[in-house]
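# Observations on chain architecture
Chain by chain, the residues run as shown.
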Amino acid sequence: MGQHVSRTDFEWSYTAEPHASRRKEILKKHPEIKELFGNDPNLIWWVLGLVTFQILSLFVVRELSWLWVLILCYCIGGTINHSLMLAIHEISHNLAFGHSRPLSNRILGMFANFPIILPFSVSFKGYHLEHHKFQGDEKLDTDIPTYTEARLFCTTFGKMIWMFLQPLFYAFRPLLTYPKTPTLLEIINTCVQLSFNFFVFYYFGGKSLVYLGIGSLLAMGLHPVAGHFISEHYMFEKGFETYSYYGPLNRLTFNVGYHNEHHDFPYVPGSRLPKVKEIAAEFYDDLPQHSSWVKVIYDFITDPAIGPYARIKRKHAGFAKDD
C-alpha cells in the first residue's frame with residue numbers, strides 16, 4: 001500500500017485568506033492593472049472551436065476499435081474536454097460576455113458543457129465563486145476534501161486511487177457536504193445536456209458516448225493537465241495555500257496555472273493573467289510555485305508529507321471552535 005501520510009488533520013488557519021489583502025496592495029502600487037479587467041471575446045470562439053472539433057471527431061471515433069477509442073479518450077478527447085471545463089471556469093466569472101450579460105455567459109457555459117456529458121456548468125458557478133470568496137472555509141469551500149476522503153486515501157496506493165477517482169469527488173462532494181436547491185437554470189442545463197447525450201448515442205453509438213464521457217473522467221484524474229487540481233491549493237510549503245504554475249500546459253488550460261494571479265484578480269481573463277504577473281512581478285516572483293504538473297502529481301502520490309489533509313482550512317463562522 002506504500003507509506004502512510006504523516007498528517008492526521010488539515011492545517012487550520014485563523015487569519016484571513018491572502019488574496020484580498022494582496023489585491024489591495026497591488027492595486028495601490030499598480031492601479032493600471034484595472035485596465036486588464038473585463039471580458040475576453042476570444043473565449044467565445046475558443047469554445048465554439050473546441051466543441052465543434054469534438055462533435056466532428058465523433059464521425060471518426062464511431063468507426064474505430066475500442067482500444068483506439070480508449071487511447072483517444074485519454075490523449076485527445078479528454079484533453080479537449082478538460083480545456084472546455086476550464087473554459088467553463090472562465091465563463092463562471094462572466095469573462096466571455098461580461099458582467100452585463102450573465103444569461104449569455106450561462107448559455108455559452110451550457111454549450112461548452114456538451115462534450116463533457118455530465119451537466120455541471122451552471123451549478124459550478126455558484127460553488128466556485130464561494131471557493132473564491134470563502135477560501136478554506138470548512139463548509140463553503142467544497143474544493144477541500146472531506147475527512148472521509150483524507151482518512152480512506154492516506155497511503156501511496158490510496159492517493160493514487162484518489163487521484164484516479166478525483167472527478168467523482170469533485171462532482172459529488174458538494175452535493176453531499178453542501179447541498180443546494182436546484183435552480184431553474186440548473187434544471188435546464190441538465191435537460192439540455194441529457195438531450196445532447198441521447199443525440200450522440202442515437203446517431204453515433206455507444207463508442208462515441210464513451211469517447212466523450214470516459215475522456216472527461218480520465219482527463220480529470222491521472223492526467224498531466226489534471227495536475228492543476230493539486231497544484232493550486234495543496235500545501236507543498238507550510239503556510240502557503242495557493243500556488244502558480246507558469247509552464248507550457250497553460251496554453252491548453254486558459255492560463256489556470258496563474259492561480260495566485262487568478263485569485264488576486266478573478267475578473268481578469270486568463271489570457272491577461274501573464275500581464276498581471278509581469279506588472280506586479282515583485283509580488284509573485286518570490287512566492288512558492290510549481291514547475292511541472294506531472295511532478296506535482298508524482299510528489300502528491302509518493303511524498304508522505306502531502307495528501308488530502310495538506311490543505312489550509314478555516315472555521316466556518318456558524319460553527320463552534322470545538323466542533
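If you're wondering where the values come from, they're calculated on a predicted model, not measured in any experiment. (Residues numbered from 1 in each chain as written. Predicted model: local features only at pLDDT ≥ 70, side-chain atom pairs only at ≥ 80, totals over all residues. Heavy atoms only, no water.)

### Structural notes on the side chain of Gln135
- On the secondary structure map, Gln135 appears in the loop between α5 (121-133) and α6 (147-152).
- Not counting residues within four places of it along the chain, the set of residues in contact with Gln135 comprises Glu17, Pro18, His19, Glu130, Asp141, His233, Glu241, Thr242, His263 and Arg314. (Helix = DSSP H or I, 4+ residues; strand = E, 2+ residues; numbered from the N terminus. Contact = heavy atoms within 4.5 Å.)

### Things to note about the side chain of Asp40
- Tracing the backbone shows Asp40 in the loop between α1 (19-29) and α2 (42-61).
- Buried Asp40, no salt bridge; nearest opposite-charge side chain is Arg272, N-O distance 4.9 Å.
- Not counting residues within four places of it along the chain, the set of residues in contact with Asp40 comprises Leu95, Ala96, Pro269, Ser271 and Arg272. (Buried < 20%, exposed > 50% of the residue type's maximum accessible area, 1.4 Å probe, protein only. Lys, Arg positive; Asp, Glu negative; His and termini not counted. Salt bridge = Lys/Arg side-chain N within 4 Å of Asp/Glu carboxyl O.)

### What to know about the layout of surface pockets
- What the largest pocket holds in volume is close to 1200 Å³.
- If you trace the largest pocket, you find 44 residues lining it, with Phe120, Ser123, Phe124, Tyr170 and Ala171 closest to the centre.
- Of all the secondary structure elements, the ones that give two or more residues to the lining of the largest pocket are α3 (66-92), α5, α8 (166-177), α9 (184-204), α10 (206-219) and α11 (227-233).
- Class assignment for the residues of the lining of the largest pocket results in 22 nonpolar, 16 polar and 6 charged. (1 Å grid on protein atoms, 1.4 Å probe; cavity = no way out; pocket = protein on both sides within 12 Å on 5 of 7 lines; lining within 4 Å. Points joined across faces, edges and corners; volume = space filled by probe spheres on them. Nonpolar A, V, L, I, M, F, W, Y, C, P; charged D, E, K, R; others polar.)

### What about the nonpolar core?
- One finds Leu43, Val47, Leu84, Ile91, Ile116 and Phe254 to be the most contacted residues of the largest nonpolar core, which totals 26 residues.
- Mapped onto this core, the elements with two or more residues apiece are α2, α3 and α4 (102-113).
- Broken down by element, the residue count for this core peaks at 7 residues, all from α3.
- Apart from residues no more than four positions distant in its own chain, Ile91 is found in contact with Leu43, Val47, Ala96, Asn105, Arg106, Leu108 and Gly109.
- The next biggest cluster of nonpolar side chains, apart from the first, holds 14 residues, and it includes Ile26, Ile33, Leu36 and Ile279. (Core = buried A, V, L, I, M, F, W, Y, C linked by side-chain atoms within 4.5 Å.)

### Points about unusual backbone geometry
- The phi torsion at Phe254 lies on the positive side, around 55°, for a residue other than glycine.
- Looking at the secondary structure, you find Phe254 in the loop between β2 (244-245) and α12 (259-264).
- For Phe254, a relative accessible area of 17% gives the class buried.
- Located in the positive-phi region is Asn255, a residue other than glycine, with phi close to 60°.

### Quick notes on the packing of helix α7 (residues 156-164) against α8
- One can describe the packing of α7 onto α8 by two numbers: an axis separation of 4 Å at closest approach and a directional angle of 65°. Within the contact between the two elements, α7 uses Trp162, Met163 and Phe164 and α8 uses Gln166, Pro167, Phe169 and Arg173.
- Here the residues of the contact of α7 with α8 are counted per class, giving 5 nonpolar, 1 polar and 1 charged. (Axes fitted to C-alpha atoms, helices over the stretch in contact; angles between N-to-C directions.)

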